[in-house]
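Structure assessment
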Amino acid sequence: MILLFILAIFISLFILYAVSRHDFVLLRQSISLRQVYDNVFLSLIAFFVTSRISYAFYVGSWEILNPLKFFYLTKYWGILPYAGFIGMIISLLFLFRKKKNTLRILDIYFLSFTPVILLDVVIRSNSPLLLVIKLVALVVLI
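**Some points on the layout of surface pockets**
The volume enclosed by the largest pocket comes to roughly 360 Å³. If you go around the largest pocket, you meet 16 residues; those closest to its centre are Ile 6, Ile 9, Leu 44, Phe 47 and Phe 48. Among the residues forming the lining of the largest pocket, the class breakdown is 15 nonpolar, 1 polar and no charged.

This is the structure in structure tokens:
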């Protein structure tokens with residue numbers, strides 16, 4: 001499952017490259033492709049940390065917050081991607097706080113990270129609340 005998420009992230013990074021290479025909003029705001037990728041890797045760190053911490057709260061297992069178990073994904077697997085996207089939004093808003101059109105910049109980032117959301121929709125089990133959230137997200141993404 002870890003390999004599928006890594007593959008989805010690489011596909012998302014390629015989509016981000018293809019979308020942001022010729023985007024006029026980024027060109028007008030003088031945001032280079034290097035700055036886009038620097039910020040996406042910082043926001044991916046925030047995505048991982050918030051999704052992992054929220055998974056520990058969701059499961060109620062405080063031992064996952066141990067730093068040795070926090071990064072040991074092969075034995076203690078578990079993330080909540082939707083909570084991770086909240087951390088990603090906050091980090092991107094902080095990183096692009098001086099730019100004018102931050103909603104368009106967030107739109108570019110989240111259009112490129114749709115494979116991660118679609119992978120989560122396909123793989124995860126469906127509780128009643130998560131099923132409603134996933135159906136809405138799937139309709140919006142399609």
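**Some remarks on the side chain of Ser 112**
Checked against the element boundaries, Ser 112 lands in helix H6 (residues 102-112). The class of Ser 112 is buried, set by a relative accessible area of 0%. Engagement of the side chain of Ser 112 in a polar contact is seen with the backbone oxygen of Tyr 109, the distance being 2.6 Å. When residues no more than four places from it in sequence are discounted, the contact partners of Ser 112 are Ser 12, Ile 15 and Leu 16.

**Some details on the side chain of Ser 91**
With respect to the secondary-structure elements, Ser 91 resides in helix H5 (residues 81-95). Beyond its immediate stretch of four places on either side in the chain, Ser 91 contacts Ser 43 and Ala 46.

What counts, and at which threshold
- Residues numbered from 1 in each chain as written.
- Predicted model: local features only at pLDDT ≥ 70, side-chain atom pairs only at ≥ 80, totals over all residues.
- Heavy atoms only, no water.
- 1 Å grid on protein atoms, 1.4 Å probe; cavity = no way out; pocket = protein on both sides within 12 Å on 5 of 7 lines; lining within 4 Å.
- Points joined across faces, edges and corners; volume = space filled by probe spheres on them.
- Nonpolar A, V, L, I, M, F, W, Y, C, P; charged D, E, K, R; others polar.
- Helix = DSSP H or I, 4+ residues; strand = E, 2+ residues; numbered from the N terminus.
- Buried < 20%, exposed > 50% of the residue type's maximum accessible area, 1.4 Å probe, protein only.
- Polar contact = N/O pair within 3.5 Å; in protein donor to acceptor, adjacent residues only side chain to side chain.
- Contact = heavy atoms within 4.5 Å.

Purely geometric numbers; function is a separate question.
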